Amino acid sequence: GAMPLSSRWDVSLAEGTPLLAAVRDALASEDEQDSDVYFVLHGADALGGAPRELGSAHINLERLLKRGSDATRERLPILDPKGARVGAVTVSLRALDALTWAKRGADESMVFGVRVGALTLAAAGQARLDGRSTALVEVVMPAGIAPQQAQTAGAGPAGETPKGEAEKEEQK
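Residues numbered from 1 in each chain as written. Predicted model: local features only at pLDDT ≥ 70, side-chain atom pairs only at ≥ 80, totals over all residues. Heavy atoms only, no water.

## Some remarks on the overall build of the protein chain
Scanning the protein chain for helices and strands turns up five helices and eight strands. Starting at the N terminus and walking to the C terminus, you meet the elements of the protein chain as β-α-β-β-α-β-β-α-β-α-β-β-α. Each of the 172 residues in the protein chain was classed as buried or not, and the buried ones make up 43%. Total accessible area computed for the protein chain in this model is approximately 8700 Å², and 51% of it derives from carbon and sulfur atoms. (Helix = DSSP H or I, 4+ residues; strand = E, 2+ residues; numbered from the N terminus. Buried < 20%, exposed > 50% of the residue type's maximum accessible area, 1.4 Å probe, protein only. Areas by Shrake-Rupley, 256 points an atom, 1.4 Å probe, with all protein chains shown as cover.)

## Some remarks on the side chain of Glu-62
By the secondary structure assignment, Glu-62 is in helix 2 (residues 61–67). A polar side-chain atom of Glu-62 sits 3.3 Å from a polar atom in the side chain of Ser-35. Here Glu-62 is in contact with Ala-26, Leu-27, Ser-29, Asp-31, Glu-32 and Ser-35, once residues within four sequence places are set aside. (Polar contact = N/O pair within 3.5 Å; in protein donor to acceptor, adjacent residues only side chain to side chain. Contact = heavy atoms within 4.5 Å.)

## Remarks on the environment of Ala-57
In this structure, Ala-57 sits in strand 3 (residues 52–60). Classification of Ala-57 by relative accessible area gives buried; the value is 4%. Distance in space between the C-alpha atoms of Ala-57 and Leu-41 is 8.4 Å, their sequence separation being 16 residues. Residue contacts for Ala-57: discarding those within four places in its chain leaves Val-37, Tyr-38, Phe-39, Leu-76, Pro-77, Ile-78 and Val-89.

## A word on the packing of helix 1 (residues 18–28) against helix 3 (residues 96–104)
Following both chains from N to C, one finds helix 1 and helix 3 inclined at 80°, their axes separated by 9 Å at the closest point. Here helix 1 lies roughly perpendicular to helix 3, going by the angle between them. Here Leu-20, Val-23, Arg-24 and Leu-27 of helix 1 come into contact with helix 3, specifically with Leu-99, Trp-101, Ala-102 and Lys-103. Of the residues belonging to the contact of helix 1 with helix 3, the class tally is six nonpolar, no polar and two charged. (Axes fitted to C-alpha atoms, helices over the stretch in contact; angles between N-to-C directions. Parallel < 35°, antiparallel > 145°, perpendicular 65-115°, else oblique. Nonpolar A, V, L, I, M, F, W, Y, C, P; charged D, E, K, R; others polar.)

This is a description of form; function is not addressed.
Laid out in structure tokens, this is it:
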């Protein structure tokens, strides 16, 4: 079934920062995969065992630029390492303005925002969860931008997520 997530991260791409350099490098790379933003599903048991990767989905930043629009509540299939569908995640990625700016090198600060909406596990995903009570969606951005995590169930009320730096900023 669907597990509510409501996590959001905004990353500033200010001129001169390593984050901006990482995005520019990813966009300049000949390997299109270097500009993928991954959403990695992990399962963890209630006893605090180490999370196990169950599958992943991705959005490509170069393709966002080519199509000329941000990803808004896009439902992405989560595939295990063998390519079997284990679920789906609904995400939004607000990056078009920041990517356009990063590519041309304007002198102003832009924000790259990611929102993880809902996670739906298919039967294969439930099976891969293997009795674990918590699922995490890790957002892995191009090199240099720290990964973020959204937690689903098990650690608190449904939809509760760990307090990240971006969430603390939003509360100010």
